[in-house]
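# Residue-level structure breakdown
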Amino acid sequence: MTRLTDAFWSYFYGPVSRVRVTWLIRILALVFAFDVWFNMLEHGWRYGAEGFNVAHIGWLTQLQPVPDASWYVMLVGIASLTAFGVAVGHFGRGCLGVVAATFSYSWLMSMLDSYQHHYLLSLLLACGVGMPVMAFGADSPEDDAAGEDADDVAFDAIEAWGYPLMCATLTLVYGFAAFAKMEPGWRTGAVLTELFGGESIWMRDLWMGLGGGEASFWWGVGLSAVVTQLFLALVYGLAPVAERRGGKGWHLLRTAGLVAAIGFHASVEILEFNIQWFSYYMLAVALISLGPLAPLRWLDWGFARLRETLLTPIREQLASLEATVVVGFVSGLGVMIALIQLDLPGTTSLAILSSLAVTGTALVSSARGQYATGLRVAVVGMLAGLCAWGSVTYDETRFDFYRYTGGDLQRRLPGAGTTEERRRMLEQALHAYRKAERYSPPDESRRDDIQTIQQKLEILDDSSP
Amino acid sequence: MSDESRPETSSTQTGSTLYIIAFLVLQVGLPVSYYLGDEIYDERFAWRMFSTVRLTECSSKAREFERGGNIRPLELVHHLQIAWINLIERNRDEVVRRFMRRRCRQADIERVELRTICLTESGDKSVHDWRLNCQSGDIQRKDETLTSP
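Source: prediction; values computed, not measured. (Residues numbered from 1 in each chain as written. Chains lettered and ligands numbered in written order. Predicted model: local features only at pLDDT ≥ 70, side-chain atom pairs only at ≥ 80, totals over all residues. Heavy atoms only, no water.)

### Overview of the domain arrangement of chain A
Residues and elements named next belong to chain A. Defined as follows: For each domain, the first and last residues come from an automatic or database assignment. By definition in these notes, contact holds between two residues if any of their heavy atoms fall within 4.5 Å. Accessible-area loss on putting two parts together, using a 1.4 Å probe and summing over both, is the definition of buried area adopted here. Whenever a carboxyl oxygen of Asp or Glu lies within 4 Å of a side-chain nitrogen of Lys or Arg, that contact is scored as a salt bridge. A helix here means a DSSP run of H or I that spans at least four residues, while a strand means a run of E at least two residues long, and both kinds are numbered starting from the N terminus.
Per the domain assignment, the segments making up chain A are domain 1 (2–134 + 151–291), domain 2 (318–394) and domain 3 (397–463). Taken over C-alpha atoms, the centre of domain 1 sits 30 Å from the centre of domain 2. Each side of the interface is counted separately: domain 1 has 17 residues, and domain 2 has 20 residues. Together, the buried faces of domain 1 and domain 2 total about 1500 Å²; carbon and sulfur atoms form 86% of this surface. At the boundary of domain 1 with domain 2, the tally comes to zero salt bridges. Counting only elements with at least two residues in the side of domain 1 that touches domain 2, the list comes to helix 2 (18–40) and helix 4 (69–89). At eleven residues, the largest contribution of residues to the side of domain 1 that touches domain 2 is made by helix 4.

Listed below in structure tokens is the structure:
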């Protein structure tokens, strides 16, 4: 028992590299923030239709009101803006807890979000709670007084149980995923043939060009997926140990794991499995967790230098009560305008809340004399708002959101029980299509849909007594 | 690491140790419960991305029995957002039950029935029936698998 306890203790509370933990959390939080703005927000249209909902947990369905689009947008909005603060603004692990909690609730509240990688993302963010979010390092990897190797964990060792927990989590995920692929459908390649049989895939075409059969190609791909996932389960499980022990053998294992992870997730992207940004998360986690430490340390040091050269002089100039208050108010106003421009249900509330949070934190910090904190929160808050607005505008999120809303209402129209209900649905669809038209790309106008609905409404008016 | 070299446990570390253990137990428990349970279609927490179950093609049909004896087909697409229909067609029991109970709220409905027929990639066919008596609130479920010859 003592041996087991010792092993547990040494695995979870042993030293880990500061730079690895810092970059893991920051990159994960940054990718998550943009994932929300590019991919998740547009899914908000599905919530609340017909007042129907089933949560992932039975009692949650009974306890909560039916979530609607504005509630979903609010939740993922808060999670993404806070995550951006963690990534860029050095917000603490309490904020990461807020990100993990709000995002997890955003998918737990409804089976409409049944993406397995959102569950994984929640697990990774929950592991982050056990990792301190630290500032970029100020010491050059070349200037180490103790003469430690820049690729050695002892160079900047800290205790962060969240990192080994994340590695253990990935071991379980890859392990169970490999186990699921040991079923006959995967072993024979039937699943992959079914998924991609009719499509043109250059790797398969090359194999067949060399005289191989299609069945043997998919059999090989299926087998290699199982072997790779089992290997990755092993590598992630041993990653914290490998880093602490050092040595060529351990180094080789990590490097092989990194190559396997890149190869596996890059193949998933090449085969177009359509799993949103899941591969990008896994690639980022692999590069930071399994990659060598020295490049990360140089990157970390570079960012610290950049911060000192560019930001420190400005911060010193603005380090006064008056300046912090002004910057706080201007940033609060900026983030409000940027988020209102998102023009999705719930974004006005999100804008007001974010603006209050940014201005409030700046004011409280300045009142306590913590001008640097106040300025940082204010500037990062505004930057987050601008990035959210830029992403949503660039990605046609609003167009997709509103055209799907309109389409769904039209589809459900025959189910309307009364004329009043029918009229209400038509008016909502018209409103949605008008919004979609405002944000439509040049060749995807929704004018025809608008006209059709207007005609239906006119017929309804004419037939009314 | 021996007992002497292990640092003294603080209350924070006790909290984090409990967090770690609960976290890992949950992560092992959820997928294992899938393999030990009967709900083969509910793969949510089992890490079975692109499994053979997902390749099963299913379609659902529902009908309502009115008090006067009339039977009318229930077009799911007219009453539910499409993502819910996909979940019903994947035999997500909770969703089916909740939808049927919701239909029972209509004054003239006596009974609701829903049938999903699935065809696996190996050619096996399965039929899943739900029958809800609106008065008693009882739901009966029957699953039948017909193996291909």
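### Overview of the packing of aromatic side chains
For any pair of aromatic rings, the description consists of the separation of the ring centres together with the inter-plane angle of the planes. Note the cut-off: The criterion for an aromatic pair is that two Phe, Tyr or Trp rings (for Trp, the six-membered ring) have centres within 6.5 Å, with stacked assigned to planes under 30 degrees apart, edge-to-face to planes over 60 apart and tilted to the rest. Only protein chains enter the accessibility calculation, which uses a 1.4 Å probe; a residue is then buried when its area is under 20% of its type maximum, exposed when over 50%, and partly exposed in between.
Tallied over the full model, the rule gives 29 aromatic pairs over all chains. Taking 6.5 Å as the distance between ring centres and 65° as the angle between the ring planes, the aromatic pair formed by Phe34 of chain A and Phe84 of chain A counts as edge-to-face. Placement of the pair is Phe34 of chain A in helix 2 and Phe84 of chain A in helix 4, with a sequence separation of 50 residues. By relative accessible area, which is 3% here, Phe84 of chain A ends up buried. When the centroid spacing of 6.3 Å and the interplanar angle of 85° are considered together, the rings of Phe52 of chain A and Phe99 of chain B count as edge-to-face. In this pair, Phe52 of chain A sits in the loop between helix 2 and helix 3 (58–63) while Phe99 of chain B sits in helix 4 (residues 93–103), so the two residues belong to two different chains. Note on accessibility: Phe52 of chain A and Phe99 of chain B belong to one class, buried. Joined through ring pairs, the aromatic side chains of Phe34, Trp37, Phe38, Phe84, Trp277, Tyr280 and Tyr394 of chain A make up one cluster.

### So, a nonpolar patch on the surface
Residues and elements named next belong to chain A. Just so we agree on the cut-off: Patch rule: a residue counts if its relative accessible area is over 30% and it has no salt bridge; like charges are joined within 9 Å, and nonpolar side chains (Val, Leu, Ile, Met, Phe, Trp, Tyr) within 5 Å. Only the protein chains shown count as cover for residues, with accessible areas throughout obtained via the Shrake-Rupley method and a probe of 1.4 Å.
Together, Trp202, Leu206, Leu210 and Ile270 make up a nonpolar patch on the protein surface, roughly 480 Å² of accessible area in all. Note that Leu206 resides in helix 10 (residues 202–209). For Leu206, a relative accessible area of 51% gives the class exposed.

### Quick look at the pattern of salt bridges
All names here are of chain B. All chains considered together, the criterion is met by 30 salt bridges over all chains. Residue Asp42 is joined to Arg44 by a salt bridge in which the shortest nitrogen-to-oxygen separation is 2.8 Å. For Asp42, a relative accessible area of 22% translates into the label partly exposed. Salt-bridge contacts for Glu113 lead to Arg63; the nearest nitrogen and oxygen are separated by 3.1 Å. Placement of Glu113 in strand 3 (residues 109–119) and of Arg63 in strand 1 (residues 57–66) is noted, with a sequence separation of 50 residues between them.

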